[in-house]
Amino acid sequence: MSETSSASEKKIAWWQLALTGVGCTIGTGYFLGSSIGIKLTGPSIVFSFLIAAIGTYIVFNLLAKMSAADPQEGSFCYYAEKAFGKWAGFSCGWNYWCSSILIMGSQLIALAILTKAWFPNIPLWVFAGIYAILSILVILLGTRGFDRIEDFLAVIKTAAIFMFIIIAFIALAGGIPGGSDSEPGIPNNLGDTFTGGIKGFWASLIYAFYAFGGIEVIGLMAIRLKKKEDAPKTGKVMLGLLAIIYIISLCLAVIMAPVEQFDPSESPFVTALSDYSLPFFPHVFNAAIIVAGFSTMTAALFGVVTLLVTLAKDGDAPKLFSKKLKKFKELPLPSLLLATIGLAVSVITALLLPEKIYEYITTAAGILLLFNWAFIILSSWRVLEGIKLLNKVIAWVGLLFIVTAVSGTLMDKSIRPGFWISLLLVVLIGGVTLLMVRHWKKVE
């Protein structure tokens, strides 16, 4: 988005950006990915999400401070370049682009699987294609259209979580017929809390962090705030709301159903209420998960399209991708087309490979996302002037959490392939970055 177009766009209040942040964040990573986490570690998934919430806040707070001090289109990529040089901005941008493509792919496959539950005779690729087209249409509406739709979907997703919390409390109080004699209740020892042991807990961290993915889009949109100094407040409200509803809902889920009952292909919240006389709930919640996944996928598409335009302007991508069609609300068509091709490749790969590919892609996307978060922390040490010792210590804690979550993917063989996929992409991006560094030196 050019400076001229940015200036002409309607500025937004901090609460509007916070609501958009909730919309960009709550997706199938929370509604479905948390089931994988529960399977790995049991009720201690609540602690995984608590650690992820703290780590996410540390990263967002640093990003918000940089945005308030020096608001820029490229957000975290601009700050990486400012801190370490052109190679950092280039690799950071393309790492984010690849992670977002994987996120869109995983969300799209999840949406197709969930919809197929209602229409079992229709092939997955049909639903995947429909959702992909709908997502592109939202982007075609322009920035204002995107904001309005994301705000609307955010309300639906948040309402779905509150609906589960209220129904779960009523069920536990005996207000709903049904329930199971095998309900585990609150665990009273470490063995029942950490059912997967230390390795299982370690491995589950990546899914907790993945559920908070989306703060990068808020970083890209912070330039549109009416008051740039409100960026930190936006993050506090957004992450505070997410942490509260995530942790309360997961607490209820793990005390209402035994660990072995949770299935990665089903939301833990549907599993938790499966023994109660609520025939409507699985269908209503399934619809809510579809809304959540579609919203997150569209937000990721918006993010990669916006970022690719900035990369092209900065010379980190071909100039072609900075071109826009003024007749269609400043639509960056070349950037959108490349994102669509990347999405199509991701979907085709996922549809051709085994069912486990959802877990692999989700894991790889989560790792690439955390690499960018590490860049944000490291960049802040150089970009933010006069950073206090306490803030540096807190930043180190955030970096430690990120390293722990990434290394945890090696602890369980069921999600380990996701680590190797992410490593392959990092090596490819690193190789291209080295070639570009040589090119830049020749040009100079």
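Data block above holds the structure.
Here the structure is a predicted model, which is why all the values come from computation and not from measurement.

The secondary structure content of the protein chain amounts to 19 helices and zero strands. Residue burial in the protein chain is summarised as follows: out of 444 residues, 57% are buried. Sequence-distant contacts, at least 24 apart, represent 82% of the contacts inside the protein chain between residues at least 6 apart. If you sum the accessible surface of the protein chain, you get close to 18,500 Å²; carbon and sulfur atoms cover 70% of it.

What follows deals with the packing of helix α7 (residues 86–116) against helix α15 (residues 281–313). Helix-helix packing: each pair is described by the crossing angle between the helix axes and the interaxial distance. Packing of α7 against α15 leaves a shortest axis separation of 9 Å and a crossing angle of 155 degrees. Classified by the interaxial angle, the pair formed by α7 and α15 is roughly antiparallel. For the pair α7 and α15, the crossing hand works out as left-handed.

What follows covers the pattern of salt bridges. Evaluation of the coordinates by the stated rule reveals one salt bridge. Of the charged contacts, one joins K86 and D316 as a salt bridge, the two residues approaching to 3.2 Å between their closest N and O atoms. Separated by 230 residues along the polypeptide, K86 in helix α7 and D316 in the loop between α15 and α16 (333–352) bring together distant segments of the chain. On the accessibility criterion, D316 (4% relative accessible area) is buried.

Moving on to the packing of aromatic side chains. Each aromatic ring pair is described using two quantities: the centre-to-centre distance and the angle formed by the ring planes. Applying the stated criterion to the full structure yields 25 aromatic pairs. The interplanar angle of 55 degrees and the centroid separation of 5.1 Å between the aromatic rings of Y30 and F31 together place this pair among those described as tilted. In this structure Y30 comes out as buried when scored by relative accessible area, which is 1%. Assessed through its relative accessible area of 0%, F31 is described here as buried. Geometrically, the ring pair formed by F31 and F269 is edge-to-face, given 6.4 Å between the ring centres and 85 degrees between the ring planes. Taken together, the positions of F31 in helix α3 (residues 28–31) and F269 in helix α14 (residues 268–272) put the pair 238 residues apart, joining distant regions of the chain. Taking the ring centre of W440 as reference, the NZ or CZ of K86 above it sits at 5.2 Å.

For helix α8 (residues 124–140), spanning 17 residues, the distance from its first C-alpha to its last is 25 Å, which sits close to the expected 24 Å at 1.5 Å a residue. Positioned one or two residues after α8, G142 has a phi angle of 90 degrees, which is positive.

Since the α-helix packs 3.6 residues into each turn, any two residues three or four apart lie on the same face. Among the nine residues that make up helix α4 (residues 33–41), eight are buried, leaving the element largely enclosed by the rest of the structure. Buried within α4 are the following residues: G33, S34, S35, I36, G37, I38, L40 and T41. Within two residues after α4, G42 carries a phi angle of roughly 80 degrees, on the positive side.

All right, on to the nonpolar core then. The biggest cluster of nonpolar side chains holds 145 residues, and the ones touching the most others in it are Y30, F49, F164 and W373. The greatest single-element share of this core, amounting to 19 residues, is contributed by α15.

Cut-offs used in this document
Residues numbered from 1 in each chain as written. Predicted model: local features only at pLDDT ≥ 70, side-chain atom pairs only at ≥ 80, totals over all residues. Heavy atoms only, no water. Helix = DSSP H or I, 4+ residues; strand = E, 2+ residues; numbered from the N terminus. Buried < 20%, exposed > 50% of the residue type's maximum accessible area, 1.4 Å probe, protein only. Contact = heavy atoms within 4.5 Å. Areas by Shrake-Rupley, 256 points an atom, 1.4 Å probe, with all protein chains shown as cover. Axes fitted to C-alpha atoms, helices over the stretch in contact; angles between N-to-C directions. Parallel < 35°, antiparallel > 145°, perpendicular 65-115°, else oblique. Left-handed = near helix turned anticlockwise from the far one by under 90°. Salt bridge = Lys/Arg side-chain N within 4 Å of Asp/Glu carboxyl O. Phe/Tyr/Trp six-rings, centres within 6.5 Å; stacked < 30°, edge-to-face > 60°. Lys NZ or Arg CZ within 6 Å of the ring centre and 35° of its normal. Expected span 1.5 Å × (residues − 1). Core = buried A, V, L, I, M, F, W, Y, C linked by side-chain atoms within 4.5 Å.

On their own, these measurements won't tell you what the molecule is for.
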